[in-house]
Amino acid sequence: MFLSVFDVFKIGIGPSSSHTMGPMSAANRFLDLILSDEWPRPAGTHVAALQASLHGSLAFTGIGHGTGRAVILGLMGEAPNTVDPDRMDDIIAEVERTGRVTPPGHPAYAFQPATDLVFDKKQPLPGHANGMSFSALDKDGRLLLKRIYYSIGGGFVVTDTELAAMRATKNAAGSDRVPYPFSTAKQMLDMSHGAGLSIAQMKRANELTRTSEKELDEGIDAIWAAMNGCIDRGLKVDGIMPGGLKVKRRARAIHDRLNEEWRSNRPNPLLANDWLSVYAMAVNEENAGGGRVVTAPTNGAAGVIPATLKYYLHFHEDATEADIRDFLLTAAAIGGIIKHNASISGAEVGCQGEVGSAAAMAAAGLAAVMGGSPEQIENAAEIALEHHLGMTCDPIAGLVQVPCIERNALGAVKAVTAASLAIKGDGTHFVPLDACIETMRQTGNDMSEKYKETSTGGLAVNVVEC
């Protein structure tokens, strides 16, 4: 089982990897399909119009998560990693004004967002809670091409046939052709002992089967630069976040107070927690505002890993550039195991799969750079994930604001605590990480749909103002 660090950490835009980045990428894929020879185009016919429908969680929380906007942008040829957040409103306004989309390399296609983009809350698609379909029609309205896509978390998008193939071959062995093809934590530990390598070293060796050392390091450095840049932007902006809840940005004001305390040398026993929290909140306030973020492993949980790494760099004077790379490689290894054996999608297993997974990844990365053994790293990840089990995904008004922003702050605090506890032990512990991951999967399966990113239960319906 191989999932690249660049699959786990993807640069994109907020507010949601599965509800914003995924649908935008799906629209890109459908545009590519239209121009390809992969479908039987009837002679003499041409695509003249496009339609899209959103199902399941995408329909229920799509407005708050910007899913409709993402589809429009995607059909205009914009991609998550390159779209200019400052131009998005103008692009969408142009489509609404003209009733057509004009992606580069294509003719103009008729597309009226008010009628051709449907939020279908009645008919879920069978493969995944985040389902969508795209259709291409001729000038007379006859259907020429239709494809179903699923946004399965972290910005990953698959067709219905690809999803079925993934599930059919999930447990197939030997297909990755990497030197250390671990798909469970136990395999990871066994391979680490057998090879005498750290988790980060094994992950690096796997990555180098697909890229050069220089490209790998430059790519990881770019991921951290984007994460760090997101923190910096979030600490400089204040005001009200979009969406109608009138939630205020708080990271800048908290950061200013922390800097004042830092300069005055006033004792603050909660200082480390305060810095962790403000870093995480800065990222997720940027995400809520539709800014540039990195899936870590999702947008809704994008603040935990950057906050934990920033905390390490802030409070450990001997931190190096190599530490940053080892942290992210280790975190990606844990994230790949979780995604392979359970899920990182809030629409599939609740927030335990998003913030819980992020906390486990961050705890593992921190334990690694603090000198932890592979067993201590695995223990750190397990502690962090265990204490997120059962966490629901119930965003108020379908916005990635409440409770998501503060939840990232607490996830970062749990990650640091988990790493600290693990480092102080010898790596032996009662619950294996694999058992914890399987428990998360089972818990997600048993969880009511009300609590899986549909905004039909929990906080989403118990706050009177909403």
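Scroll up to find the structure this text is about.
Here is what the cut-offs are and how they apply
Residues numbered from 1 in each chain as written. Predicted model: local features only at pLDDT ≥ 70, side-chain atom pairs only at ≥ 80, totals over all residues. Heavy atoms only, no water. Helix = DSSP H or I, 4+ residues; strand = E, 2+ residues; numbered from the N terminus. Expected span 1.5 Å × (residues − 1). Buried < 20%, exposed > 50% of the residue type's maximum accessible area, 1.4 Å probe, protein only. Contact = heavy atoms within 4.5 Å. Phe/Tyr/Trp six-rings, centres within 6.5 Å; stacked < 30°, edge-to-face > 60°.

> Give me helix α13 (residues 304-315): which residues, what numbers.
In this model, α13 (12 residues) spans 17 Å end to end at C-alpha, consistent with the 16 Å of a helix rising 1.5 Å per residue. Among the 12 residues of α13, nine are classified as buried, and the element is accordingly described as predominantly covered. What α13 keeps buried is the set Val-304, Ile-305, Pro-306, Ala-307, Thr-308, Leu-309, Lys-310, Tyr-311 and Tyr-312. Considering only its buried residues, α13 is in contact with α10 (213-234), α12 (271-288), α14 (321-341), α16 (355-369) and α18 (404-423).

> So what's going on with the packing of aromatic side chains? Residues and values would help.
One pass over the structure, following the stated rule, counts six aromatic pairs. Measuring from ring centre to ring centre gives 5.9 Å for Trp-262 and Trp-275, while their planes differ by 90 degrees; the resulting arrangement is edge-to-face. Within this pair, whereas Trp-262 is found in helix α11 (residues 251-264), its partner Trp-275 is found in helix α12, the two being separated by 13 residues in sequence. We classify Trp-275 as buried; its relative accessible area is 2%.

> Which residues make up unusual backbone geometry, and what values go with them?
Along the chain, Gly-14 connects to Pro-15 via a cis peptide bond; the corresponding omega equals 10 degrees. Inspection of the secondary structure puts Pro-15 in the loop between β1 (11-13) and α2 (17-35). Ala-296 connects to Pro-297 through a cis peptide bond whose omega is 0 degrees. Here Pro-297 shows up in the loop between β9 (292-294) and α13. Although it is not a glycine, Ala-397 sits at a positive phi angle of roughly 60 degrees. Here Ala-397 is to be found in the loop between α17 (374-386) and α18. Ala-397 gets classed as partly exposed once you look at its relative accessible area, which sits at 44%. Despite not being glycine, Glu-453 has its phi angle at roughly 60 degrees, a positive value. Within the secondary structure, Glu-453 sits in the loop between α19 (433-446) and α20 (459-462). Judged by relative accessible area, which is 3%, Glu-453 ranks as buried.

By themselves, these figures tell us nothing about what the structure is for.
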